[in-house]
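# Working through the structure, step by step
Here are the chains, one letter per residue:
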Amino acid sequence: MWHHKFKFRKKKYTAGHVAIVVLAFFTPLLLGTPLIFWQAEKTLYKKSDAASRTIIDQLNTILDDAKTLTDETAAMVDRPCSEIIEKLRLQTASTSFVQSLSVSDRDIVRCSTIYGNSPKPLDVPNFYQDKLALVQGNSIIPDRPVLMYRTEKDSASILASINGEYITQLLNHIEMTPISTVVIGNQRIGRNGLIRANDTEEKGKVCAVDTSTKYPFTVETGFEPGDLRDYVFARYTPIFALLLVFGAISAFATNRMAMNARNISAESRRAIKNDEFAPYYQPIVRADTHQYVGAEVLSRWEHPLEGVIPPDSFIPFMERSGLIIPMTTALIRRTARELAPLQDALPENFHVSINISANFLADPELIATCKQFYQQFRTGKIRLVLELTEREAIVPTEALQAQIRALRAEGILIALDDFGVGHSNLNYLKEFQADMLKIDRGFITGIGSNDLSCHVLQSIIDLSRQLKLKVIAEGIETLEQANYLQEKGVEYLQGYYFSKPQPIAVFKTQINKD
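Since the structure is predicted, the reported quantities are computational estimates derived from the model, not experimental observations.

Before going further, it helps to spend a moment on the sheet that holds strand β8 (residues 187–189). A sheet is described by the order of its strands in space; here five strands give the open sequence β9-β8-β7-β11-β10, paired in antiparallel fashion. At either end of the open sheet lies a strand with only one pairing partner, and these are β9 (195–197) and β10 (205–211). Across the sheet, the mean angle separating the axes of adjacent strands is 30° when strand polarity is ignored.

Our focus in this paragraph is the UniProt feature "transmembrane region" (unreviewed entry) in the protein. The positions UniProt marks with the feature "transmembrane region" (unreviewed entry) are residues 12–38 and 233–253. Structurally, residues 233–253 comprises 95% helix and 0% strand, and the distance from its first C-alpha atom to its last is 28 Å.

Note: β10 against strand β11 (residues 218–223), six bridges, orientation antiparallel. Paired with V206 across the two strands is G222, which belongs to β11.

In this section: helix α14 (residues 479–487). Three or more residues of α14 are buried, namely Q481, A482 and L485. The buried side chains of α14 occupy one side of the element, clustering within an arc of 100° when seen end-on. In α14, the exposed residues that point more than 90 degrees away from the buried face are E480 and E487. At the C-terminal side of α14, G489 shows a positive phi close to 95°.

This brings us to the state of the cysteines. Taken as a whole and judged by the stated rule, the model has one disulfide. There is a disulfide in this structure between C81 and C111, and the S-S distance comes to 2.2 Å. Between C81 and C111 the disulfide shows an S-S torsion of about 70°. By sign, it is right-handed. A residue pair is termed long-range when its members are at least 10 positions apart, and C81 in helix α2 (residues 81–93) and C111 in strand β2 (residues 108–112) qualify at 30 residues. The residues C81 and C111 share a single accessibility class, namely buried.

Before going further, it helps to spend a moment on the environment of D107. When you line up the elements, D107 lands in the loop between β1 (98–105) and β2. Considering only alpha carbons, one finds D107 and P121, 14 residues apart in sequence, at a separation of 5.9 Å. Setting aside residues up to four positions removed in sequence, D107 forms contacts with K120, P121 and L122.

Once that is clear, we can look at the sheet that holds β2. Ordered by their spatial adjacency, six strands build an open sheet running β3-β2-β1-β6-β5-β4, and the pairing between neighbours is antiparallel. The sheet is open, and its two edges are formed by β3 (120–121) and β4 (132–135), each paired on a single side. Across two bridges, β2 lies against β3 in antiparallel orientation. Note that in β3 the partner of V109 across the bridge is K120. Strands β1 and β2 of the sheet are contacted by α2, whose axis makes an angle of about 70° with β2. Against the sheet, helix α3 (residues 164–173) engages β5 (146–153) and β6 (156–163), with an angle of about 45° to β6.

Between two packed helices, what matters for the description is the angle formed by their axes and the separation of those axes. Two elements in contact, helix α9 (residues 365–374) and helix α10 (residues 398–409), have axes separated by 10 Å at closest approach and are oriented at 15°. Our classification of the angle between α9 and α10 gives roughly parallel. Crossing of α9 over α10 shows right-handed handedness. Across the interface between the two elements, L366, I367 and C370 of α9 pack against Q403, A406 and L407 of α10.

Moving on: the side chain of Q403. With respect to the element layout, Q403 can be found in helix α10. The class of Q403 is buried, set by a relative accessible area of 11%. Within polar-contact distance, the side chain of Q403 engages the backbone oxygen of L361 at 3.1 Å. In contact with Q403, not counting residues within four places along its chain, are L361, A362, D363, P364, L366 and I367.

With the rule as written, the count across this model stands at 14 aromatic pairs. A ring pair is formed by Y149 and Y215, whose centres lie 6.0 Å apart and whose planes are at 80°; its orientation type is edge-to-face. Of the two residues, Y149 is situated in strand β5 and Y215 in the loop between β10 and β11; the sequence distance between them amounts to 66 residues. Here Y149 matches Y215 in class, with each residue buried. Measuring from centroid to centroid gives 6.2 Å for F373 and Y374, while their planes differ by 65°, and the two rings are edge-to-face. Here F373 falls in the buried class, since its relative accessible area comes to 1%. Pairwise contacts between aromatic rings join Y281, Y292, F350 and F507 into one cluster. Between the NZ or CZ atom of K120 and the centre of the ring of Y115, over which it lies, the distance is 5.2 Å.

Rules behind the numbers
- Residues numbered from 1 in each chain as written.
- Predicted model: local features only at pLDDT ≥ 70, side-chain atom pairs only at ≥ 80, totals over all residues.
- Heavy atoms only, no water.
- Pairing = 2+ DSSP bridges.
- Helix = DSSP H or I, 4+ residues; strand = E, 2+ residues; numbered from the N terminus.
- Axes fitted to C-alpha atoms, helices over the stretch in contact; angles between N-to-C directions.
- UniProt positions renumbered as here; feature names shortened; annotations may be inferred.
- Buried < 20%, exposed > 50% of the residue type's maximum accessible area, 1.4 Å probe, protein only.
- Arc of directions from axis to C-beta.
- Disulfide = S-S within 2.5 Å.
- Contact = heavy atoms within 4.5 Å.
- Parallel < 35°, antiparallel > 145°, perpendicular 65-115°, else oblique.
- Left-handed = near helix turned anticlockwise from the far one by under 90°.
- Polar contact = N/O pair within 3.5 Å; in protein donor to acceptor, adjacent residues only side chain to side chain.
- Phe/Tyr/Trp six-rings, centres within 6.5 Å; stacked < 30°, edge-to-face > 60°.
- Lys NZ or Arg CZ within 6 Å of the ring centre and 35° of its normal.

Right under this line is the structure:
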């Protein structure tokens, strides 16, 4: 992760940069809006379902009155109309919903609370399940819907007429359900009081459908087009405002990160051009005499404003951005320039280890860069060691293996860094034919305290001895660790016990003392 921020002159926004920032702004809305509509739809469904059940309960109560009256009248159908008419009228007047009662034989009404004992034809369509029917008005109220309830006894039918206004009032009383419909057979009645065929196309969305368990009717409730949208904006406006705030914060942060990434890239290229990546040298010593036999070159960014920046702060970015190759190339060239004047003070066959990535290892220019490095020194003075380090596994392709053979033909050694952890494994030994192994510091710290680490360490040492590989143990911090490794046959040591990575000026004095 990048730990440093730099201030540069402002640059023009690219189309890609603007697109990323705009996307960051709208992402909370794009993610949140469907969730809001989904939640709103669930809420409206619950409202619709509750409305359906309320309508059913109320309509069941109305029909209960009609059933009570028709059941009572059924007990009197064998008597003449003149004997029962007044009682029927009293019964009708005592209820709130039933408008009239009538008794019919077949299709002729022979007794009615409205017409008395004057026979009239029964002008009612088929009853749904012989119980309910919807009629668009009658001779008394032709402009109003009527709900008919029927009870049969022998050949007689007792009919209760219910004013449809009670139904429309009930449908209009339920809030937030513009679509509320009572369905009886192949007919339906809505809030406007009009009776329509059941196959009439409805505008809107039906959310809930419930059927009465007592009487043969169904209630449908739902919402008209645009109601869901209106409900969302009426109830969720604060959430949309919050999403816009999150979008603004996201866009601002994305803009800053994108600009910082652009600045980092530009600054990194400038640093490579200005040769600001300096080699720091950590000595590699013989395990028996502690004399210098080589050094590992570690990169430090000597920034003119920020000072010395450690590698963990810029190496991951260099690898992601593709700048690791030109940075390493510049580091190798600077290393040659710094060490060349010291070659008289260096021991013969002095090993210079440089970490390279898998991409650089496969780069055709690597051989030319290494040849240029050797040209700065007398023959046999320096041995260049390339330490294979990679955060991801290195795929040993045929081209890569050919590159390694060409490097070794030029006298360049191959070392496997951090052997025993990560992707450095036995397969690498087979595929890359390494000359050296570097034991990871994690095994060194366990010396004297961790039996498992010591067992693994011993296995690595034994394996390297069988394969005739040089072994370098890194991360040495105590004399106890150094002595233990020397006793186990490790040839070379490296770590803070001997020296921290130092710039060339300090390393020069160390060489002279050695």
